[in-house]
Protein chains: 2
Amino acid sequence: MERERKFLVTQIPSRLSRYPHALIEQGYLALDNGQTGHYEVRLRRKDGKFTLTVKKKKATPIRLETEIPLSPASAAKLWPLTQGRRVAKTRYDIPYQGHTIELDVYRGKTRGLVTAEVEFSSEAAMRKFKPPDWMKKEITGRSKYANARLANFGWKRGSQSRR
Amino acid sequence: MERERKFLVTQIPSRLSRYPHALIEQGYLALDNGQTGHYEVRLRRKDGKFTLTVKKKKATPIRLETEIPLSPASAAKLWPLTQGRRVAKTRYDIPYQGHTIELDVYRGKTRGLVTAEVEFSSEAAMRKFKPPDWMKKEITGRSKYANARLANFGWKRGSQSRR
């Protein structure tokens, strides 16, 4: 069970680079909305390390997710197969009232999008959370902002937001 | 470019166990028939070794396929996510007129199905090939017999063959 809330960020906090941050590159080997559930197979590079993540979602709460490390050689072989299905972002870890806000500043075809996510250890903590001013609109669970979707379709296309 | 022909086997050659053979287990992490092409992410165990294969097919001849080795620990983590999408077969390598016939005797939900496949080094060799008597009906390119499909739907279901 993941307990997290996600927000759109319209005003980026000042002096962001003082927080720990890393470039994250993700490419999708497969996205499947088949009869047997929704699948994702994701290749991720962060801090020079590569991981392969497989997510399997049924319609209902059941959600399986597994992650394995990949050697640079294996990752280099798989990466070309993610062409056209990639997303890149710089992630900043911002401490806030005992939580860590993960602020993602997107690049490439999703440039301009900035989101913030917080994970909670309990339902109570999740409810009690008061976001700072710059975390504007809540987008928890909105599939439009799922990274797999962004990698496939970008941000603006098919959306109702204006430039 | 793969040059191969595939056949249904109705009568299994005698004394099959004298040929080199191995149990092959395959599970599919993802099958995708999305807008951007057809994807497969396959986990395979053969001879105690694990490989992850990613296939990307466009409608036209372009076909990308990459394979990486997996550690037993990584394979063990990913295997549960292939539940309901598995296929198992014993593969026999039968020498025949300078070629190797790969005879696959399926198990589990595809039990009863036996296929034979031959790969060729040239167009000419492919055309010249005369299959032995027991390789009956040619099924080259028939998606019904693609392993990914068999893993998902089995053999009999939706087919016109009888028990």
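Worth saying up front: this structure is predicted, and the values here are computed from it rather than measured.

Novice: Looking at this structure, how should I read the overall build of chain A?
Specialist: Helix and strand counts for chain A stand at 3 helices and 9 strands. Element order for chain A, N to C, with α for helix and β for strand: β-β-β-β-β-α-β-β-β-α-β-α. When the 163 residues of chain A are sorted by exposure, 48% land in the buried category. The long-range fraction of contacts in chain A, counting pairs at least 24 apart against all pairs at least 6 apart in sequence, stands at 54%.

Novice: How do you make sense of the interface of chain B and chain A when you look at a structure like this?
Specialist: How big an interface is tends to be reported as the loss of accessible area on association of its parts. Contacts between the two partners involve 25 residues from chain B, matched on the other side by 25 residues from chain A. Interface area for chain B against chain A, summed over the two sides, is near 2,200 Å², with a carbon-plus-sulfur share of 62%. At the boundary of chain B with chain A, the tally comes to 0 salt bridges. Those elements that place two or more of their residues in the side of chain B that touches chain A are β2 (21-34), β3 (37-46), β4 (49-57), β5 (63-70), α1 (72-78) and α3 (147-153) of chain B. Among the elements that make up the side of chain B that touches chain A, the one with the highest residue count is β5(B) (6 residues).

Novice: In this structure, what is going on with the relation of the copies chain B and chain A? I would like to understand it.
Specialist: Superposing chain B onto chain A takes a rotation of 180 degrees combined with a translation of 0.0 Å along the rotation axis, leaving an RMSD of 0.0 Å. Accordingly, the operation relating the two chain copies is best matched by a two-fold axis. With an isologous cut-off of 70% or more, the 100% of interface residues of chain B that recur at the interface of chain A puts this contact in the isologous class.

Novice: Before we go on, may I ask you to explain the confidence of the model for chain A in this structure?
Specialist: Segments scoring low in pLDDT should not have their predicted coordinates read at a detailed level. Residue and element names in this part refer to chain A. The share of residues in chain A with pLDDT of 70 or more is 87%, and the mean pLDDT across the chain is 87. Looking at the elements of chain A, mean pLDDT is at its lowest for helix α3 (residues 147-153), recorded as 84, and at its highest for strand β7 (residues 99-106), recorded as 97. Under a pLDDT of 50 for its full length, residues 157-163 has, in the predicted model, 6 contacts with residues more than four places off or in other chains. What the predictor reports for the complex is a pTM of 0.80 with an ipTM of 0.75.

Novice: Is there a simple way to think about unusual backbone geometry in this case?
Specialist: What is expected of a backbone is that most residues other than glycine have negative phi and most peptide bonds are trans. Residue and element names in this part refer to chain A. Of note in the backbone geometry, Asp 47 takes a positive phi value of approximately 55 degrees without being a glycine. Position of Asp 47 relative to the elements: it lies in the loop between β3 (37-46) and β4 (49-57). Even without a glycine there, the phi angle at Gln 97 is positive, about 50 degrees. In this fold, Gln 97 is placed in the loop between β6 (86-96) and β7.

Novice: Could you clarify how one ought to interpret the pattern of salt bridges in this entry?
Specialist: Proximity of charged atoms lets side chains of opposite charge pair with each other. All told, the structure shown has 10 salt bridges over all chains when counted by the stated rule. For the salt bridge of Arg5(B) with Glu138(B), the shortest nitrogen-to-oxygen distance reads 2.7 Å. Of this pair, Arg5(B) sits in strand β1 (residues 4-9) while Glu138(B) sits in strand β9 (residues 135-138), and the two are 133 residues apart along the sequence. With a relative accessible area of 15%, Arg5(B) lands in the buried category. What makes Glu138(B) partly exposed here is its relative accessible area of 34%. The salt bridge involving Arg91(B) is made with Asp104(B); its shortest N-O contact spans 2.8 Å. Here Arg91(B), found in strand β6 (residues 86-96), pairs with Asp104(B), found in strand β7 (residues 99-106); they are 13 residues apart in sequence, far enough to count as distant. The exposure classification of Arg91(B) matches that of Asp104(B), with both residues buried. Within the structure, one salt-bridge network assembled from shared partners comprises Lys89(A), Arg91(A), Glu102(A) and Asp104(A).

Novice: Is there a simple way to think about the side chain of Thr53(A) in this case?
Specialist: Residues and elements named next belong to chain A. Within the element layout of this structure, Thr 53 appears in strand β4. Residue Thr 53 is classed as buried on the basis of its relative accessible area, which comes to 1%. Within the local environment of Thr 53, its side chain forms a polar contact with the side chain of Glu 67, the two groups lying 3.3 Å apart. Excluding residues within four positions of it along the chain, Thr 53 makes contact with Glu 40, Val 41, Arg 42, Glu 65, Thr 66 and Glu 67.

Novice: Looking at this structure, I do not really get the packing of aromatic side chains. What am I missing?
Specialist: Aromatic ring pairs are defined here through the distance separating the ring centres and the angle between the ring planes. By the definition in use, this model includes 6 aromatic pairs over all chains. Each ring, one from Phe7(A) and one from Phe129(A), has its centre 6.4 Å from the other, and the planes form 50 degrees; the classification is tilted. Highlighted residues: Phe7(A) in strand β1 (residues 4-9) and Phe129(A) in the loop between α2 (123-128) and β9 (135-138), separated in sequence by 122 residues. Given the relative accessible area of 5%, Phe129(A) is considered buried. With a centroid separation of 6.0 Å and an interplanar angle of 80 degrees, the aromatic rings of Tyr96(B) and Phe129(B) are classed as edge-to-face.

Rules behind the numbers
- Residues numbered from 1 in each chain as written.
- Chains lettered and ligands numbered in written order.
- Predicted model: local features only at pLDDT ≥ 70, side-chain atom pairs only at ≥ 80, totals over all residues.
- Heavy atoms only, no water.
- Helix = DSSP H or I, 4+ residues; strand = E, 2+ residues; numbered from the N terminus.
- Buried < 20%, exposed > 50% of the residue type's maximum accessible area, 1.4 Å probe, protein only.
- Contact = heavy atoms within 4.5 Å.
- Buried area = accessible area lost by both parts, 1.4 Å probe.
- Salt bridge = Lys/Arg side-chain N within 4 Å of Asp/Glu carboxyl O.
- Least-squares fit on C-alpha atoms with pLDDT ≥ 70 in both.
- pLDDT = per-residue confidence, 0-100.
- Polar contact = N/O pair within 3.5 Å; in protein donor to acceptor, adjacent residues only side chain to side chain.
- Phe/Tyr/Trp six-rings, centres within 6.5 Å; stacked < 30°, edge-to-face > 60°.

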